[in-house]
Amino acid sequence: MADVERPLVEEHSLDRDCTTLSRHVLQQLQSFSAEAQDLSALMNRIALAAKLISRRLSRAGLMEGALGFTGNINVQGESVKKMDIYANDVFISVFKQSGLVCRLASEEMEKPYYIPENCPIGRYTLIYDPIDGSSNIDINLNIGSIFSIRRQEGDDIDGNALDLLQDGHKQLAAGYVLYGPSTMLVYSIGTGVHSFTLDPSLGEFILSNENIQIPEHGPVYSVNEGNFWQWDESIRDYIRYVHRHEGYTARYSGALVGDFHRILSQGGVFLYPGTLKKPEGKLRLLYESAPLAFLMAQAGGKASTGTQNLLDVVPDALHTRTPLIIGSKEDVSLVESFIQERARESQEVVTVRS
Ligand code: AHG
Ligand code: MN
Ligand code: MN
């Protein structure tokens, strides 16, 4: 049979269309082992949750009862939106049918949610922020979901999930979904960071970018400057520094996922430092900071509390908060240097006085 000349572009785009999320996970692990199959299935379920949430968000303004507050306050002391609860319940429903997950822990639930029928075999725990950036929901701006998967350790017979109180290196997988102009899913299972875009016509997440690496330095600093007088002097020092030097620009969307996504793509630093009222800041370790720190480390960047590698922090409770400084290595190190400088100065004052 004569060779038929094929248009290369079409061939490449077809290959791309075939790289779905579950296939990608198996390719990354280069294995069809039981754990590889589990991780692939887990990512597939997360993708399903993302599609369900994305579908509702795209029509929320046209639906009765999709937007607005529920009237309840969550364990964080924050007002709960209807979409927070919808998204929280979507993850539960999706994982009820997975068999793989015995427990789910989220921002919207004081204690972990157990799926007893899965517990004999469900060796994984899903920890998640169902909707990140809730203040953006009702104004149709970008929001996200953040997830982290850990292997369950022990039988957790008394149901207090103490094995979750470990550092961020214990994460098997982490990622986020960004509900923006398109819906994207970014994940890592410890083999680089990869992004997928939801193709609504196929109903599939299709590979967009593989092995994303953050630049060593970037122009963006992302922080709520409304808290300026609430911060420690060292953070004000850093902000004064970027104000006085050329080449910096501020971007802050009010949704960590969106701000993180920009910085991952373009470089720079996101900060949510402690404030006078909240010395540990606002962001929760297990389902906000640690998953993003896992991704950032995989992308060649850095995450810090200011004084410690974020991935080394061991929480003392499910909803523990930590300050977060995350992004390009050089920029995170610069913020840390201002913190160290102030710490040294106050140490010297203490020494002189004593
Ligand atoms: P959530 O909507 O899950 O409670 O998280 C909101 C977080 C995060 O997305 C964002 O970076 C930060 O809160 C914004 O807080 P401020 O309004 O204090 O800047
Ligand atoms: Mn959040
Ligand atoms: Mn949330």
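Starting afresh in each chain, residues are numbered from 1 along the sequence in its written order. Lettering for chains starts from A, numbering for ligands starts from 1, and both go in the order in which the items are written. In keeping with the model being predicted, local features are shown solely for residues with a pLDDT of at least 70 and side-chain atom pairs are shown and tallied solely at 80 or more, while totals for entire chains, interfaces and linings include all residues. Heavy atoms throughout the structure, all of them, feed into the side-chain values; hydrogens and water do not.

To continue, consider the pattern of salt bridges. Here a salt bridge means any side-chain nitrogen of Lys or Arg lying within 4 Å of a carboxyl oxygen belonging to Asp or Glu. Enumeration according to the criterion identifies 15 salt bridges in this entry. Measuring nitrogen to oxygen at the nearest pair gives 3.4 Å for the salt bridge that ties Glu-107 to Arg-284. Taken together, the residues span a long stretch of sequence, with Glu-107 in the loop between β3 (101-106) and β4 (113-114) and Arg-284 in the loop between β13 (268-272) and α7 (285-298) at a distance of 177 residues. For every residue, the accessible area obtained with a 1.4 Å probe (protein chains only) is divided by the maximum for its type, and the residue is called buried under 20%, exposed over 50%, and partly exposed between those limits. For Arg-284, a relative accessible area of 3% translates into the label buried. The network of salt bridges with shared partners includes Glu-233, Arg-236, Asp-237, Arg-240, Arg-342 and Glu-345. Counting from the N terminus, the helices are DSSP H or I runs at least four residues long and the strands are E runs at least two residues long.

Quick look at the site of ligand 1 now. Near ligand 1 you find 18 residues, and of these Asp-132, Ser-134, Asn-224, Tyr-252 and Tyr-272 are the closest. The definition of a polar contact used here is a pair of N or O atoms within 3.5 Å, where within protein one atom must be able to donate a hydrogen and the other to accept one, and adjacent residues in sequence count solely through side-chain atom pairs. Take Asp-129: an N or O atom from its side chain is 3.0 Å from an oxygen atom of ligand 1. Within the side chain of Lys-282, a nitrogen or oxygen atom sits 3.0 Å from an oxygen atom of ligand 1. Surface exposure here means Shrake-Rupley accessible area, sampled with a 1.4 Å probe, where a residue is shielded only by the protein chains that are shown. Its free accessible area being 470 Å², ligand 1 has 86% of it covered by the protein chains. Elements that contribute at least two residues to the shell around ligand 1 include exactly β5 (124-132) and β13. With three residues, the single largest contributor to the shell around ligand 1 is β5. Three classes are used: nonpolar for Ala, Val, Leu, Ile, Met, Phe, Trp, Tyr, Cys and Pro, charged for Asp, Glu, Lys and Arg, and polar for all others, with Gly counted as polar. Split by residue class, the shell around ligand 1 holds seven nonpolar, four polar and seven charged. Proximity is defined per residue: any heavy atom of the residue falling within 4 Å of a molecule or strand makes that residue near it.

Turning to the packing of aromatic side chains, a few remarks are in order. Each Phe, Tyr or Trp ring, with Trp reduced to its six-membered ring, pairs with another whose centre is within 6.5 Å; inter-plane angles below 30 degrees give stacked pairs, above 60 give edge-to-face pairs, and intermediate values give tilted ones. If you walk through the whole model with that rule in mind, you get nine aromatic pairs. Where Phe-228 meets Trp-229, the ring centres are 5.0 Å apart and the plane angle is 80°; that geometry is what we call edge-to-face. According to the relative accessible area criterion, Phe-228 is buried, its value standing at 15%. When its relative accessible area of 63% is taken as the criterion, Trp-229 is described as exposed.

Only C-alpha atoms enter the line fits that serve as axes; for helices the fit covers just the stretch in contact. Angles between N-to-C directions range over 0 to 180 degrees. Where helix α6 (residues 256-266) contacts α7, the two axes come as close as 12 Å, and the packing angle between them is 15°. Taken together, the axis directions place α6 and α7 in an arrangement best described as roughly parallel. The way α6 lies across α7 gives a crossing that is right-handed. Residues Leu-256, Phe-260, Ile-263 and Leu-264 of α6 form the contact with α7, whose own contacting residues are Glu-288, Leu-292, Leu-295 and Met-296. Taken together, the residues that form the contact of α6 with α7 break down as seven nonpolar, no polar and one charged. Roughly parallel refers to an angle under 35 degrees, roughly antiparallel to one over 145, roughly perpendicular to one between 65 and 115, and oblique to any angle outside these ranges. The sense of a crossing depends on the near helix, which, turned anticlockwise from the far helix by less than a right angle, makes the crossing left-handed and, turned clockwise, makes it right-handed. Contacts are residue-level and defined by heavy atoms, with any inter-residue pair within 4.5 Å sufficient.

Here the focus is the sheet that holds strand β7 (residues 171-179). Strand pairing requires that DSSP identify at least two bridges connecting the strands. If you walk across this open sheet you meet the eight strands as β4-β3-β5-β6-β7-β8-β9-β10, and the pairing is mixed. Only two strands of the sheet have a single neighbouring strand rather than two, namely β4 and β10 (204-209). Sheet topology note: the β3/β4 ladder contains two bridges and is antiparallel. The residue of β4 that forms the bridge with Leu-104 is Tyr-113. Strand contacts of helix α2 (residues 21-29): β8 (183-188), β9 (194-199) and β10, with the helix running at about 20° to β8, the strand carrying the most contacts.

On to the coordination of the manganese ion (ligand 3). Protein-derived ligands of the manganese ion (ligand 3) are Glu-107 (OE), Asp-129 (OD) and Ile-131 (O), with the metal-ligand distances lying across 2.1 to 2.2 Å. Water is not among the atoms examined, so metal sites may look incomplete; donors are the N, O and S atoms within 2.8 Å of the metal, or within 3.2 Å for Na, K and Ca. Here the donor residues of the manganese ion (ligand 3) are spaced in sequence according to E-x21-D-x1-I. A separation of 3.7 Å is found between the manganese ion (ligand 3) and the manganese ion (ligand 2), both of which receive a donor from Asp-129. Linking Glu-107 in the loop between β3 and β4 with Ile-131 in strand β5, this pair joins segments that are 24 residues apart in sequence. Exposure remark for Glu-107: the relative accessible area of 5% places this residue in the buried category. Note on Ile-131: relative accessible area 1%, which makes it buried.

Read from one edge of the open sheet, five strands run β12-β11-β13-β15-β14, paired in mixed fashion. The open sheet has two edge strands, β12 (249-250) and β14 (302-304), and neither has a second partner. The pairing of strand β11 (residues 220-222) with β12 spans two bridges and is parallel. Bridge pairing in β12 places Val-220 opposite Thr-249. Across the face of the sheet, α7 comes into contact with β14 and β15 (324-327) while running at roughly 25° to β15.

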